[in-house]
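The residues making up each chain are set out below.
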Amino acid sequence: MSLGTDQTKAIDIVKRALDLGINYLDTADLYDFGQNEELVGKALKGQRDQVVLATKAGNKWTQGKEGWEWDPSKKHIQSAVKDSLRRLQTDYIDLYQLHGGTIDDPTEETIEAFEELKKEGYIREYGISSIRPNVIKRFVENSSIVSVMMQYSMLDTRPEEWLGYLHENNVSVIARGPLAKGLLSDNGLSKLQNKFKGKDFLDYSHEELENLLPKLMNVAGNKPLQTTAFHYCLAHPAIAAVIPGASSIKQLEANVHAMNAQALSEEENTTIKEIIKQSSYDSHRD
């Protein structure tokens, strides 16, 4: 999502990611009206077999009409996958995800669409991207999803209430936003004083963040804050991947360097849990 629309720059970032050993790429037909998928497809030319390629569907746009419409219908999903395959220049998608969802959706029809696409070989597996517990539970109980994408970081611990449940049901979690819009990077304090000047972030007031971020930086000593952020998420066995995104090669390389650093000790992880807030979803539960 963070690649942008400059073709040369975007392709260079993806190619550098492959060189550094990144093997999971996640896009969506929603990003830049399909252009993101096109850029990923061009970047992967000749190297498609080196990655687990994921994309998403459920949002529909109409040429000449402003905005998007939510459409989880079987007809739309089975049409959207063909467009994504064309843009990605591939004949199969490793992980196809429903890009959202509400409790009022025709879920049986949506599941039927994914199951048929799987049987036909267009997709290998399917999952959902959702932070709504009632939607997640419906898919876990009635489908063969393998993953749920959720916003998860040290500043957004809402998913933790559900990680055990998902793990017990053999459903993996893809953690998006592990750096909390950059607040959990080594530039976090700078972002707090500029991009987030006077602003709160979820359950944290600006003043609380001013006090918390230095404490988090000190937990793991000389390790980059990104390392602490990534490995905090990965400490739970339900988490299959963290996807921080990168809009430059410099950001990409910093993220890879942080990921390759030593994981958190049990003591470090315990310390973090003692100083951050334990949050939960307060809506979409039933």
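Keep in mind it's a predicted model, so treat the numbers as computed, not measured.

Even after reading the chapter, I still don't get the pairing of strand S7 (residues 147-151), so can you show me in this structure?
Residues in a regular strand project their side chains so that they alternate between the two faces of the sheet. Counted residue by residue, S7 has four buried out of five residues, so it is predominantly covered. In the sheet, strand S6 (residues 123-129) pairs with S7 via three bridges, with the strands oriented parallel. Directly across from Gly-127, in S7, lies its bridge partner Ser-147. Pairing of S7 with strand S8 (residues 172-176) involves five bridges; the strand directions are parallel. Note that in S8 the partner of Met-149 across the bridge is Ile-174.

Would you explain helix H6 (residues 160-168) in this entry?
Since one α-helical turn is 3.6 residues long, residues separated by three or four positions face the same way. Inspection of H6 places Glu-160, Trp-162, Leu-163 and Leu-166 among the buried residues, and these make up the whole buried set. End-on view of H6: buried residues confined to an arc of 140 degrees, all on one side of the axis. Along its buried surface, H6 packs onto helix H5 (133-142), S7, S8, helix H9 (225-234), strand S9 (239-243) and helix H11 (266-275). Phi turns positive one or two residues past the end of H6, at Asn-170, with a value near 60 degrees.

So what exactly am I meant to see when it comes to the environment of Ala-229 here?
One can find Ala-229 in helix H9. Among the residues examined, Ala-229 registers a relative accessible area of 0% and is labelled buried.

Could you clarify how one ought to interpret the environment of Val-171 in this entry?
Turning to its location among the elements, Val-171 is positioned in the loop between H6 and S8. A sequence separation of 27 residues divides Val-171 from Ser-144, and the C-alpha atoms of the two residues are 8.9 Å apart.

Could you clarify how one ought to interpret the packing of helix H4 (residues 107-120) against H5 in this entry?
Taken N-terminus to C-terminus, the directions of H4 and H5 make an angle of 55 degrees; their axes are 11 Å apart at the nearest point. Classed by the angle they form, the pair H4 and H5 counts as oblique. Along this stretch, H4 crosses H5, giving a crossing that reads as right-handed. Facing Thr-107, Thr-110 and Ile-111 of H4, the residues of H5 in contact are Arg-138, Phe-139 and Asn-142. By residue class, the composition of the contact of H4 with H5 is two nonpolar, three polar and one charged.

In this structure, what is going on with the layout of surface pockets? I would like to understand it.
Where empty space is left becomes clear once a probe the size of a water molecule has been rolled over the atoms. Taken as a whole, the second largest pocket encloses approximately 210 Å³ of empty space. What lines the second largest pocket is simply Asn-23, Tyr-24, Val-52, Asp-94, Leu-95, Glu-125, Val-146, Ser-147, Ser-172, Ile-174, Ala-240 and Ala-241. Contributing elements (two or more residues each) for the lining of the second largest pocket: strand S5 (93-98), S8 and S9. A breakdown of the residues in the lining of the second largest pocket according to their chemical character gives seven nonpolar, three polar and two charged.

For this particular structure, what's the right way to read the side chain of Asn-59?
Along the chain, Asn-59 turns up in strand S3 (residues 59-60). Discounting chain neighbours no more than four positions away, the residues touching Asn-59 are Asp-29, Leu-30, Trp-68, Glu-69, Trp-70, His-76 and His-99.

For this particular structure, what's the right way to read the pattern of salt bridges?
Side chains that differ in charge, positive against negative, can pair when their charged atoms come close. With the rule as written, the count across this model stands at 14 salt bridges. Notably, a salt bridge pairs Lys-60 with Asp-71, separated by 3.0 Å at the nearest N-O pair. Of this pair, Lys-60 sits in strand S3 while Asp-71 sits in the loop between strand S4 (69-70) and helix H3 (74-88), and the two are 11 residues apart along the sequence. In this structure, the salt-bridge partner of Glu-268 is Lys-223, at a minimum N-O distance of 3.7 Å. Residue Glu-268 is located in helix H11, and its partner Lys-223 is located in the loop between helix H8 (206-219) and H9; the two are separated by 45 residues in the primary sequence. Among the residues examined, Glu-268 registers a relative accessible area of 17% and is labelled buried.

Help me out: how do you make sense of the pairing of S6 in this one?
Summarising burial for S6: five of the seven residues are buried, a large majority. Note that S5 and S6 share five bridges and pair parallel. Along S6, the bridge assignment pairs Leu-98 with Ile-128. In this fold, S5 hands off to H4, which returns the chain to S6; that crossover is right-handed.

It is not clear to me how the sheet that holds strand S1 (residues 24-26) should be interpreted in this structure. Could you clarify?
Strand pairing in a sheet is mediated by backbone hydrogen bonds. Such pairs are either parallel or antiparallel. Taking strand neighbours across the sheet as the criterion, the seven strands line up as S1-S2-S5-S6-S7-S8-S9 in an open arrangement whose pairing is parallel. Each end of this open sheet is capped by a strand with a single partner; those strands are S1 and S9. In this sheet, neighbouring strand axes are inclined to one another by 25 degrees on average, regardless of whether the strands run parallel or antiparallel. Where S8 lies against S9, four bridges are found, and the strand directions are parallel. Opposite Ile-174, over in S9, you have Ala-241 as the bridge partner.

Would you take a moment to explain the packing of helix H1 (residues 7-19) against helix H2 (residues 35-43) for this structure?
Pairs of packed helices are described in terms of their axes, by the angle between the two and the distance that separates them. Contact geometry for H1 and H2: axes closest at 9 Å, N-to-C directions at 55 degrees. Our classification of the angle between H1 and H2 gives oblique. Our pair here, H1 against H2, has a crossing hand that is right-handed. On H2, the residues touching Gln-7, Ala-10, Ile-11, Val-14 and Lys-15 of H1 are Leu-39, Lys-42 and Ala-43. Its residues placed into classes, the contact of H1 with H2 shows five nonpolar, one polar and two charged.

The rules behind these values
Residues numbered from 1 in each chain as written. Predicted model: local features only at pLDDT ≥ 70, side-chain atom pairs only at ≥ 80, totals over all residues. Heavy atoms only, no water. Buried < 20%, exposed > 50% of the residue type's maximum accessible area, 1.4 Å probe, protein only. Helix = DSSP H or I, 4+ residues; strand = E, 2+ residues; numbered from the N terminus. Pairing = 2+ DSSP bridges. Arc of directions from axis to C-beta. Contact = heavy atoms within 4.5 Å. Axes fitted to C-alpha atoms, helices over the stretch in contact; angles between N-to-C directions. Parallel < 35°, antiparallel > 145°, perpendicular 65-115°, else oblique. Left-handed = near helix turned anticlockwise from the far one by under 90°. Nonpolar A, V, L, I, M, F, W, Y, C, P; charged D, E, K, R; others polar. 1 Å grid on protein atoms, 1.4 Å probe; cavity = no way out; pocket = protein on both sides within 12 Å on 5 of 7 lines; lining within 4 Å. Points joined across faces, edges and corners; volume = space filled by probe spheres on them. Salt bridge = Lys/Arg side-chain N within 4 Å of Asp/Glu carboxyl O. Right-handed = clockwise from strand over helix to strand, strands pointing away.

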